[in-house]
Amino acid sequence: MEEIVNHLVSLTKEISGYIYPNEIELHWGLLVVIYPYITGLVAGAFILASLVKVFNVKELQPTYRMSLLTALAFLFVAPLPLLAHLGHPEKSYEIFLTPNTSSAMAMFGFVYAWYLMAVLLLEIWFDYRRDLIVWTSNEKGIRKWLHKIISLFSKDISERALKFDKKSVQMVTIIGIPSAFLLHGYVGFIFGSIKANPWWSSVLMPIVFLFSAIVSGIALILLIYMVITPLRSKEIDMKCLDKLASYLFYIMIIDFSLEILDFIHRTYEAEESIKILAELVSGRLFVSLVVIQLLMGMIIPLGSIAAVKFFQVPNELRKSIYFVSAILVQIGIFSTRWNVVIGGQLFSKSFRGLTAYKMTFFGFEGLLMSLGLLLLPILILFILFKILPPWDEARSN
Amino acid sequence: MLIFLVTAFIFMRSILVPPDFGKYGHYRASAIDEIISQEIKYAGHTVCYDCHDDIVDLKKTGYHKNVACEVCHGPAALHTDDPGELKLQAPRERGYCPLCHEYISSRPTGFPQIVSASHNPMKPCISCHEPHDPKPPQTPKECDACHAEISRTKSLSHHVYVDCIECHQTPNEHKIKPREYLPSKPTTREFCGNCHSKDSTTPEEIPKIDINSHGERYMCWQCHYPHLPEAQ
Amino acid sequence: MEKVNNQKSNDIKRRKFLKNLFLSLSGLFLPGIVSAATKTGRLKDLILSLGYDPKEHLWGMGIDIDKCIGCGRCVNACKEENGVPRDPFFFRTWVERYRIYDNRETLVDSPNGAIDGFKPSINDEGNIIRSFFVPKLCNHCDNPPCVQVCPVGATFKTDDGVILVDSKYCIGCRYCIQACPYGARFLDPETRTAEKCTFCYHRITKELSPACVEVCPTQARIFGEIKKKPSPLVRFMRQHVLGVLKPALNTEPKVFYANMDMEVR
């Protein structure tokens, strides 16, 4: 308690204008920034994977399983930041037991469970089933048993069963796309439905969230692919990479247009809150919004990928441009989440003043915890790669 | 497996959901009981009379009749439960009364206010004012005792030497029961015209206008604030 | 999952599965219905045993801004009565001072929620054209956004229109704090659960007025029934032109302000 009060006392110096006295404490910190960031990566990676199955984009085949596993790894971690930010994580089960049907947040558990169980696990299972059965027949010890358990002891690799698998994957993917939209659109709705907060309250919010999610997902797969292929001393498939980059480019253009539309709409309507929001954007959010999100995370990557598209660029240079762009996009999307979550709490609902956010280093909601939560899915992904190798040559033909 | 999960869920649900959840609505009914069991600290304005009838009777007739005892004496429930257990305090120092009576421009006009820096500094308020019947020790002679803001404004204006009573006829009772006996206010343009009409015989320095054409259908004080009449 | 993949008896299995699903789903609701029927009888309600029936009341508050002197006694009494932490970051009610200048600038302040009143403003008298105090508290909205967003049912509207928080059930997600347009909620630093004004529910159910109303020396706060004719609040509502805070948000507050300036929000 004393710690909290001391923290708040140190914040009082940062206040400008008038804020309601209860507003000094900023309630959703870094952890709640990470939550939509991670779910965005999940949805984005999954939608990329479904491009291969539903829209038959052959060039992306090398990243298909990788995307699924990435989505899974990040999905495992997605609820953790939410859990850690609760005042009483030990009571979180109540969300499942007595969900308030009018609360967007109450639906989290169900959307999450649906997505994990009905979509991601099913699709991975069907896709890997045949390989798992083949692998077990050539393996020994723990690995054999592990794969046996994962395959749920099924043995049928007849023509009919395989056909059924294929059809199932197709079907799950088709269900999966709206589910992925639901998963992340719903996260956008959590913010977009808060009428008390003009920075959040917007019908565009779920859609903007969705497209930025796809952007971040594609960029992540691009990064993982570019890092992991040389590590396995394999050649990067330039066709695949180009395709990834151009999808990234097109989705970013949509994302960019949506954000600009939101911006124009807000400034044109210029409602009661416009003065304080303008002050926010030109002041406390200037670096994270204009410099990092827009310039570094949007305009520079868009420009460089466009340049690559227009001019003949040698492979090596192209790779590095893609790589740097993808990293910039990640930073940009992270700061998009930051600007939404933190930015929405920096101004008073009296529209008369601004507060500040000071990160702590240790503790449940501190920087250390957040870094841990961002690294954890990478670790999980590494383990998943070990157990379920997504590489083409691991496929049993 | 699915069936197992669903049954497990139902089983867990029947154990973990509080039995009274949903009785009145989507919440725990006993939460209401817990909330209303909270301890009461302020006894309420009616109970004091039982023991302190003399003071309550005195207070009833004075300006503080609507100020509950607990405003100054603090939460009294412990005291009313067992008067021996807790003796209530009374603020005797000079700092307390200005919470309400210090002059602050945001306060409603007519609310009695003082500037404590100049109002008998160093003297505790209760040495002159009985808090249960807080009339001024002497009936104030000058208007600015109560109407300080107006008096200050007027002192900066050209009306500085115009006495209040030249425009406001004030019954003597106003000084004792200010809300019940109100001073008069001018009602006609001609009243101002006594000094400011071009026909009047007042000294030349006083600005004069043609009362028939100037400002036509408006009353003078609709444009000129009489306590600071300079056109701004 | 394993069912779908077995090809031969797919049809029969599916039928069985659907039947089971139906049975188990109905099982989901049955125990609830049964237990609700039996347990209601056993639960003794303290609130009813007091002779207080929430269905017979509808509470609201009127605030006459012209009468508020900014002494902050309400803020102090609220913290005393409800054990709200004395630190300047946690308030169930607070008082704001508005100073509007002739250049149309508006200055608002509320030093420590006005728990120690206000200090006179120095050296800016000349420019102020309007100035007044505004007490603030939970508006006990008829259409409460906080209740709408609570994921677990830890905050709710009672039959008498009061919005309460069940601190034992609150998980501390703070969505309600985000959803409140009035800044009326805070997270209790001790319990890590949401807190707010209850209209002193433990008092009004026992025929006492809320602590802030009790100690207001100028009757700037009027508490009472919205529906019953002989109520001080109904009289107040008849005699004044009323406003509520942020009416455009359609929260339908039950705290009504008289003589409210357009700058108040």
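Small disclaimer: the values here were computed from a predicted structure and weren't measured. (Residues numbered from 1 in each chain as written. Chains lettered and ligands numbered in written order. Predicted model: local features only at pLDDT ≥ 70, side-chain atom pairs only at ≥ 80, totals over all residues. Heavy atoms only, no water.)

## Regarding the overall build of chain A
Okay, so step 1: A tally of helices and strands in chain A yields 15 helices and 2 strands.
Okay, so step 2: Computed over its C-alpha atoms, the radius of gyration of chain A comes to 22 Å, within 12% of the 21 Å expected for a compact globule of 397 residues.
Okay, so step 3: Here the C-alpha coordinates of chain A stretch approximately 70 × 55 × 35 Å along the principal axes.
Okay, so step 4: Residues counted as buried form 58% of the 397 residues belonging to chain A.
Okay, so step 5: In chain A, the proportion of contacts linking residues at least 24 apart, taken out of those at least 6 apart, comes to 81%.
Okay, so step 6: In the form shown here, chain A has an accessible surface area of approximately 17,000 Å², with 70% of it arising from carbon and sulfur atoms. (Helix = DSSP H or I, 4+ residues; strand = E, 2+ residues; numbered from the N terminus. Rg over C-alpha atoms; globule rule 2.2 N^0.38 Å. Buried < 20%, exposed > 50% of the residue type's maximum accessible area, 1.4 Å probe, protein only. Contact = heavy atoms within 4.5 Å. Areas by Shrake-Rupley, 256 points an atom, 1.4 Å probe, with all protein chains shown as cover.)

## A look at the packing of helix α6 (residues 108-138) of chain A against helix α7 (residues 141-150) of chain A
Residue and element names in this part refer to chain A.
Okay, so step 1: Between α6 and α7, the shortest axis-to-axis distance is 9 Å and the interhelical angle comes to 145 degrees. When the axes of α6 and α7 are compared, the crossing they make is left-handed. Residue-level contacts link W125, L132, W135 and T136 of α6 to K144, H147, K148 and I150 of α7.
Okay, so step 2: Looking at the contact of α6 with α7 residue by residue, the classes come out as 4 nonpolar, 2 polar and 2 charged. (Axes fitted to C-alpha atoms, helices over the stretch in contact; angles between N-to-C directions. Left-handed = near helix turned anticlockwise from the far one by under 90°. Nonpolar A, V, L, I, M, F, W, Y, C, P; charged D, E, K, R; others polar.)

## Topic: the pattern of salt bridges
Okay, so step 1: Applying the stated rule across the entire model yields 28 salt bridges over all chains.
Okay, so step 2: Here R143(A) ties to E139(A) by a salt bridge, and the two come within 3.5 Å at their closest N and O atoms.
Okay, so step 3: For E139(A), a relative accessible area of 18% puts it in the buried group.
Okay, so step 4: Taking the shortest distance from any N to any O, the salt bridge between R92(C) and E195(C) comes out at 2.6 Å. Of this pair, R92(C) sits in the loop between α4 (73-82) and β2 (93-101) while E195(C) is found in strand β8 (residues 194-195), placing the two residues 103 residues apart along the sequence. Comparing R92(C) with E195(C), the two get one shared label, buried.
Okay, so step 5: Several salt bridges share partner residues, and in doing so they unite R65(A), D127(A), R130(A) and D131(A) into one network. (Salt bridge = Lys/Arg side-chain N within 4 Å of Asp/Glu carboxyl O.)

## With respect to the domain arrangement of chain B
Residue and element names in this part refer to chain B.
Okay, so step 1: Partitioning chain B into structural domains gives domain 1 (97-118 + 141-185) and domain 2 (186-232).
Okay, so step 2: Using C-alpha coordinates to define each centre, domain 1 is positioned 24 Å away from domain 2.
Okay, so step 3: On the domain 2 side, the residues contacting the 11 residues of domain 1 number 10 residues.
Okay, so step 4: Counting the surface lost from both domain 1 and domain 2, the interface buries some 860 Å², and carbon and sulfur atoms represent 62% of this.
Okay, so step 5: It is T153, H159 and K185 in domain 1 that bury the most area against domain 2; as a group they hold 44% of the surface buried on that side.
Okay, so step 6: Where domain 1 touches domain 2, the interface holds 0 salt bridges. (Domains from an automatic or database assignment. Buried area = accessible area lost by both parts, 1.4 Å probe.)

## Let's talk about the interface of chain C and chain B
Okay, so step 1: Between chain C and chain B, the residue contacts involve 68 residues of the former and 47 residues of the latter.
Okay, so step 2: Between chain C and chain B, a total of about 4,700 Å² is buried, with carbon and sulfur atoms accounting for 63% of that surface.
Okay, so step 3: At the junction of chain C and chain B, the tally comes to 2 salt bridges.
Okay, so step 4: Its salt-bridge partner being K168(C), residue E34(B) comes within 3.4 Å of it at the nearest N-O pair.
Okay, so step 5: Where chain C packs against chain B, one counts 13 residue pairs in polar contact (both at pLDDT 80 or more).
Okay, so step 6: Broken down by element, the side of chain C that touches chain B gets its largest block of residues, 9 residues, from helix α2 (residues 10-42) of chain C. (Polar contact = N/O pair within 3.5 Å; in protein donor to acceptor, adjacent residues only side chain to side chain.)

## Some points on the interface of chain C and chain A
Okay, so step 1: The partner chain A presents 50 residues to the 58 residues of chain C that form the contact.
Okay, so step 2: Interface area, chain C with chain A, both sides summed: about 4,700 Å², of which 56% is carbon and sulfur.
Okay, so step 3: Looking only at chain C, the three residues that lose the most surface to chain A are F89(C), Q178(C) and R265(C), adding up to 18% of its buried area.
Okay, so step 4: Between E263(C) and R352(A) there is a salt bridge; the shortest N-O distance is 3.1 Å.
Okay, so step 5: Elements with a minimum of two residues in the side of chain C that touches chain A: α1 (2-5), β2, β3 (106-109), α5 (145-149), α6 (175-179) and β7 (186-187) of chain C.
Okay, so step 6: For the side of chain C that touches chain A, the residue count by class is 31 nonpolar, 15 polar and 12 charged.

## Some thoughts on the nonpolar core
Okay, so step 1: Residues W28(A), Y115(A), L120(A), F191(A) and Y175(C) are the most contacted members of the largest nonpolar core, which totals 147 residues.
Okay, so step 2: For F191(A), the residues in contact, after removing those within four places along its chain, are W28(A), V32(A), W200(A), S201(A), M205(A), F209(A), V340(A) and V341(A).
Okay, so step 3: Among the nonpolar cores identified, the runner-up in size contains 51 residues, and V134(C), C138(C), C180(C) and F199(C) belong to it. (Core = buried A, V, L, I, M, F, W, Y, C linked by side-chain atoms within 4.5 Å.)

## A closer look at the pairing of β2(C)
All names here are of chain C.
Okay, so step 1: The element β2 is extensively covered by neighbouring structure, given that 9 of its 9 residues are classed as buried.
Okay, so step 2: Burial along β2 is two-sided: T93, V95, R97, R99 and Y101 and W94, E96, Y98 and I100, pointing in opposite directions, are all buried.
Okay, so step 3: In this sheet, strand β4 (residues 128-137) lies alongside β2 in antiparallel orientation, the contact comprising 9 bridges. By the bridge assignment, Y98 is partnered in β4 with F132.
Okay, so step 4: Examined bridge by bridge, β2 and β3 share 4 bridges and lie antiparallel to one another. The residue bridging I100 from the neighbouring strand is T106, located in β3. (Pairing = 2+ DSSP bridges.)

## Let's talk about a nonpolar patch on the surface
Okay, so step 1: On the surface, a nonpolar cluster with roughly 480 Å² of combined accessible area is contributed by Y93(A), F11(B), M12(B), I15(B) and L16(B).
Okay, so step 2: Structurally, M12(B) is set in helix α1 (residues 2-16).
Okay, so step 3: Note on M12(B): relative accessible area 42%, which makes it partly exposed. (Patch = residues over 30% accessible without salt bridge, like charges linked within 9 Å, V, L, I, M, F, W, Y side chains within 5 Å.)

## Concerning the sheet that holds β2(C)
Residues and elements named next belong to chain C.
Okay, so step 1: Strand order in the open sheet formed by 3 strands is β3-β2-β4, and the pairing between neighbours is antiparallel. Sheet topology places β3 and β4 at the edges, where each strand pairs with a single neighbour. Within this sheet the neighbouring strands show an average axis-to-axis angle of 20 degrees, counted without direction.

## Section: the sheet that holds strand β1 (residues 59-64) of chain C
Neighbouring strands of a sheet are bound in pairs by backbone hydrogen bonds; such pairs are parallel or else antiparallel.
All names here are of chain C.
Okay, so step 1: Strand order across the open sheet formed by 4 strands is β9-β1-β11-β10, with mixed pairing between neighbours. Sheet topology places β9 (221-225) and β10 (242-243) at the edges, where each strand pairs with a single neighbour.
Okay, so step 2: Of the strand pairs in this sheet, β1 and strand β11 (residues 255-258) are connected by 4 bridges, and their pairing is parallel. Bridged to I63 within β11 is Y257.
Okay, so step 3: Its contacts with the sheet place helix α9 (residues 232-239) against β1, β9, β10 and β11, and it is angled at close to 115 degrees to β9.

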